[in-house]
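# Notes for the structure review
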Amino acid sequence: MTRSNDYILEARGLHKSFGSGPARVHVLRGLDLHVHRGEFLAIMGPSGCGKSTLLHVMGLMARTDEGSVCIDGADVSQLGESHQAEIRRRQIGFIFQRFNLISVLSGYDNVKLSLAIRGLGSEGVQELLQSMDVAGVAFRKPGQLSIGQQQRLAVARGIAHNPAILLADEPTGSLDSANATELLGLLSRTNQERGQTIVMITHSDEAARAASRVVHMRDGRIFEHA
Ligand SMILES: Nc1ncnc2c1ncn2[C@@H]1O[C@H](COP(=O)(O)OP(=O)(O)O)[C@@H](O)[C@H]1O
Ligand SMILES: [Mg+2]
């Protein structure tokens, strides 16, 4: 029998709706998903099917109406707001489609601020930026960096606090194909060299091929096959 905490992240029987009455949209409909420790999982599905909603619920940025989210075997879905915020800060990293780097801060300070918010110091940031090949430009503001450099900084910021799980919502969605390929290579390397668990939402076949497993979202649920 598989022990429940062989999974770093589990969604069990999630239901989530928006709106009410005739305008009600039932987005997650009894969704189950098990994420293995150290895997690079891609979730594919048509636009509007609820992929971002799922990522928000699993990343404790939104609450589920029913069901539970477990991190490392512990149900975190019923915890109070401040306890959830603490888990989100410590255990979860995010990469956004448009990076969301803070434009008035240098690359280095973007990473440092993300750590400071989590009560962490900036030890190791320089090495991380070196390993991402942006140490030499990290004093520049994002607007003075290439798209490739910005995305490498966004990945560095997403993993600097060593989160248990890195969540990425269509990270290649606004990139040209060369930058998309580079970002996927970086995510694969982060997965392999650091053992970083990654859950990535994507529309792209190339992105799905970079992952170690692909699942599909349809009718508010997850399926192993398209
Ligand atoms: N905060 C919200 N309020 C109302 N409806 C929402 C909200 N977030 C998402 N939705 C609706 O839920 C559905 C799924 O959205 P989303 O999770 O963003 O899908 P995807 O990421 O797969 O494109 C869509 O119909 C969307 O309009
Ligand atoms: Mg989305």
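Here we summarise the structure given alongside this text. It should be emphasised that the depicted structure is a prediction, and the values quoted were computed from it without experimental measurement.

### Re the sheet that holds strand E9 (residues 213-218)
Strands in a sheet are paired, the pairing made by backbone hydrogen bonds, and the direction either parallel or antiparallel. Spatially, six strands are ordered E6-E7-E8-E3-E9-E10 in an open sheet, and the strand pairing comes out mixed. Both edges of this open sheet fall to strand E6 (92-95) and strand E10 (221-223), since each of them pairs with a single strand only. With strand direction ignored, the average angle separating the axes of adjacent strands in the sheet is 25°. Note that strand E7 (residues 165-169) and strand E8 (residues 197-201) share five bridges and pair parallel. What sits directly across from Leu166, in E8, is Ile198.

### With respect to the sheet that holds strand E4 (residues 66-71)
Across the sheet, four strands lie side by side as E2-E1-E4-E5; this open sheet has antiparallel pairing. Two strands bound the open sheet, and with one partner strand each, they are strand E2 (25-36) and strand E5 (74-75). The pairing of E4 with E5 spans two bridges and is antiparallel. Residue pairing across strands places Cys70 opposite Asp75, the latter belonging to E5. Across the sheet, helix H1 (residues 51-58) lies against strand E1 (7-18), E2 and E4, angled at about 125° from E1, the strand it touches most.

Rules used in this analysis
- Residues numbered from 1 in each chain as written.
- Chains lettered and ligands numbered in written order.
- Predicted model: local features only at pLDDT ≥ 70, side-chain atom pairs only at ≥ 80, totals over all residues.
- Pairing = 2+ DSSP bridges.
- Helix = DSSP H or I, 4+ residues; strand = E, 2+ residues; numbered from the N terminus.
- Axes fitted to C-alpha atoms, helices over the stretch in contact; angles between N-to-C directions.
- Contact = placed C-beta atoms within 7 Å.

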